[in-house]
Amino acid sequence: IAQETMTAQTLIDRQLILDQITRYYYNFGKETKAPESSFYAEDGALILGTRRYEGRDGIQSAYGGGARPAPAAGEEPAAPRERIPFNMTVDNALIVVHGNTATSQVIYTEYRPEKKGGPVRMTVQGKEFATWVKLNGQWLYKERYVGRSEPPAGWKD
């Protein structure tokens, strides 16, 4: 594909989108993190394989952000799982800006230890395709497709 016309604003917007992508992936490995849905527009969508999550509440539910089920009568609540920090890298970012919308493609790689403090190993690698919208000066995911090696149907840069 041909490169879009480059302006100073295009370069700034591309960097702002790359910064959002980087912050989103860094967020996964934090002990205390921002809600994943905060990186999305109110009407945004997350597509994980064949599952589609709509709106911020739906997106947060994909990350286990919903309420825990109440224990049955006489049962103790389940202990929360220990959160083990892990690392995500993002490579080969291709970001195309179209005014207040944009598209991006990145390759992501996840590195996790088997136990806290243990050595890390690569556990997942995939591709993310996303559309973006600029709202009140901030770039937010409009739709984020994860885990596909090929672009989603109808994809246009």
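Residues numbered from 1 in each chain as written. Predicted model: local features only at pLDDT ≥ 70, side-chain atom pairs only at ≥ 80, totals over all residues. Heavy atoms only, no water.

Undergrad: Go over the overall build of the protein chain, please, and point to the residues and values.
TA: Tallying secondary structure elements over the protein chain gives 2 helices and 6 strands in all. Its helices and strands in sequence order give the protein chain the pattern α-β-β-α-β-β-β-β, from N to C terminus. Counting across all 157 residues of the protein chain, residues that qualify as buried make up 35%. For the protein chain, the share of sequence-separated contacts (at least 6 apart) that also reach a separation of at least 24 residues comes to 49%. For the protein chain, the exposed area adds up to about 9,800 Å²; of that, 52% sits on carbon and sulfur atoms. (Helix = DSSP H or I, 4+ residues; strand = E, 2+ residues; numbered from the N terminus. Buried < 20%, exposed > 50% of the residue type's maximum accessible area, 1.4 Å probe, protein only. Contact = heavy atoms within 4.5 Å. Areas by Shrake-Rupley, 256 points an atom, 1.4 Å probe, with all protein chains shown as cover.)

Undergrad: Describe in detail the packing of aromatic side chains, supporting the description with residues and values.
TA: Applying the stated criterion across every chain yields a total of 8 aromatic pairs. Stacked on the ring of Tyr141, the Lys or Arg Arg144 has its end atom at 5.5 Å from the ring centre. (Phe/Tyr/Trp six-rings, centres within 6.5 Å; stacked < 30°, edge-to-face > 60°. Lys NZ or Arg CZ within 6 Å of the ring centre and 35° of its normal.)

Undergrad: Give me the lowdown on the pattern of salt bridges, citing residues and values where you can.
TA: One pass over the structure, following the stated rule, counts 10 salt bridges. Between Lys33 and Glu36 there is a salt bridge, with the nearest N and O atoms lying 2.3 Å from each other. Residue Lys33 is classed as partly exposed on the basis of its relative accessible area of 31%. Between Arg56 and Glu42 there is a salt bridge; the shortest N-O distance is 2.8 Å. Note that Arg56 is positioned in helix α2 (residues 55-62) and Glu42 in strand β1 (residues 40-48), a separation of 14 residues in sequence. A relative accessible area of 24% means that Arg56 is categorised as partly exposed. Three or more residues are tied together by salt bridges with common partners; here these are Arg52, Glu54 and Glu143. (Salt bridge = Lys/Arg side-chain N within 4 Å of Asp/Glu carboxyl O.)

So yeah, pure geometry; function would need other evidence.
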